[in-house]
Amino acid sequence: VGFGYSVVLSFLTLYSRQLHLEEAASFFFLIYAIVVIVSRPFSGRLLDARGANFVVYPSLFFFAIGMLVLSQASYGITLLLSGAIIGLGYGNFLSCGQAISVKSTSPNRFGLATATYYMFLDVGFGIGPYLFGSLVPITGYRGLYFVMAMIILAAIVLYYFLYRRSLHFVR
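Residues numbered from 1 in each chain as written. Predicted model: local features only at pLDDT ≥ 70, side-chain atom pairs only at ≥ 80, totals over all residues. Heavy atoms only, no water.

**Digging into the overall build of the chain**
(1) Moving on: Looking only at helices and strands, one finds seven helices and zero strands in the chain.
(2) Moving on: The N-to-C order of helical and strand elements in the chain reads α-α-α-α-α-α-α.
(3) Moving on: In summary, the chain has a C-alpha radius of gyration of 16 Å against a globular reference of 16 Å for 171 residues, a match within 12%.
(4) Moving on: Principal axes of the C-alpha set define a box for the chain whose edges measure 50 × 30 × 25 Å.
(5) Moving on: Put simply, the chain has 171 residues, and 44% of those count as buried.
(6) Moving on: When the accessible surface of the chain is split by element, carbon and sulfur atoms take 71% of a total near 9000 Å².
(7) Moving on: The distance from the centre of the 10 positive side-chain charges to the centre of the 4 negative ones in the chain is 17 Å. (Helix = DSSP H or I, 4+ residues; strand = E, 2+ residues; numbered from the N terminus. Rg over C-alpha atoms; globule rule 2.2 N^0.38 Å. Buried < 20%, exposed > 50% of the residue type's maximum accessible area, 1.4 Å probe, protein only. Areas by Shrake-Rupley, 256 points an atom, 1.4 Å probe, with all protein chains shown as cover. Lys, Arg positive; Asp, Glu negative; His and termini not counted. Charge placed at Lys NZ, Arg CZ, Asp CG, Glu CD.)

**As for a nonpolar patch on the surface**
(1) Moving on: Residues Phe27, Leu30, Ile34, Ile37, Val38 and Phe42 make up a contiguous nonpolar surface patch of about 620 Å² in total accessible area.
(2) Moving on: You can see Ile34 is positioned in helix α3 (residues 28–50).
(3) Moving on: Take Ile34: its relative accessible area is 44%, and that puts it in the partly exposed class. (Patch = residues over 30% accessible without salt bridge, like charges linked within 9 Å, V, L, I, M, F, W, Y side chains within 5 Å. Salt bridge = Lys/Arg side-chain N within 4 Å of Asp/Glu carboxyl O.)

**Here we look at the packing of helix α4 (residues 52–71) against helix α5 (residues 76–103)**
(1) Moving on: Two numbers describe how α4 lies on α5: the axes approach to 7 Å, and their chain directions differ by 150°. Relative to α5, the element α4 is oriented roughly antiparallel. As for how α4 packs across α5, the hand of that crossing is left-handed.
(2) Moving on: Residue composition of the contact of α4 with α5, grouped by class: 19 nonpolar, six polar and no charged. (Axes fitted to C-alpha atoms, helices over the stretch in contact; angles between N-to-C directions. Parallel < 35°, antiparallel > 145°, perpendicular 65-115°, else oblique. Left-handed = near helix turned anticlockwise from the far one by under 90°. Nonpolar A, V, L, I, M, F, W, Y, C, P; charged D, E, K, R; others polar.)

**Focus: the packing of aromatic side chains**
(1) Moving on: Tallying each qualifying case throughout the model produces 13 aromatic pairs.
(2) Moving on: With 6.3 Å between their ring centres and 50° between their planes, Tyr5 and Phe125 make a pair best called tilted. Of the two residues, Tyr5 sits in helix α1 (residues 2–19) while Phe125 sits in helix α6 (residues 110–133), which places them 120 residues apart along the sequence.
(3) Moving on: A centroid spacing of 4.9 Å and a plane angle of 75° characterise the contact between Phe28 and Phe29, whose relative ring orientation is edge-to-face.
(4) Moving on: A relative accessible area of 0% means that Phe28 is categorised as buried.
(5) Moving on: Its relative accessible area of 33% is what places Phe29 among the partly exposed residues. (Phe/Tyr/Trp six-rings, centres within 6.5 Å; stacked < 30°, edge-to-face > 60°.)

**Thoughts on the nonpolar core**
(1) Moving on: Ranked by internal contacts, the top residues of the largest apolar core, which has 44 residues, are Met67, Leu70, Leu79, Ile86 and Tyr145.
(2) Moving on: Within the residue set of this core, elements represented by two or more residues are α1, α2 (22–25), α3, α4, α5, α6 and α7 (136–162).
(3) Moving on: By residue number, the principal contributor to this core is α7, which donates nine residues. (Core = buried A, V, L, I, M, F, W, Y, C linked by side-chain atoms within 4.5 Å.)

Structure representation (structure tokens):
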């Protein structure tokens, strides 16, 4: 998931310049932030009431859809729509992932769980642009965002196998 968001952070400016959508791109993260601020209280309540799976699966799905929309952006409104969908997906997964890491451990290990969660997220942020940026000459930015959508969909499968014990929306 960190890989996916890292390519948005790293390559959105170059991609929007290529599409001549710089003005719309200047509002991308504002739209993203608004959607995150509005949706997180609801996703937090859903996490508490229905369990992690009830939030994680849709969040990852929305993140992948947002990347697909971003990969096909030709107009400013499409670029901004992708920002909203990515905010709904990644923005809610981010807090839910941290809650899962803390809920999955004993209270005396909360700090370690949080640090480990953010360490792996930071590894994705750090390695993602280098690793996936090398695809740009082959796939272009559209192809890069499409590939990232597929990787995020693969993360759904990975989540299923790693967090299988919680399939019944454990609270």
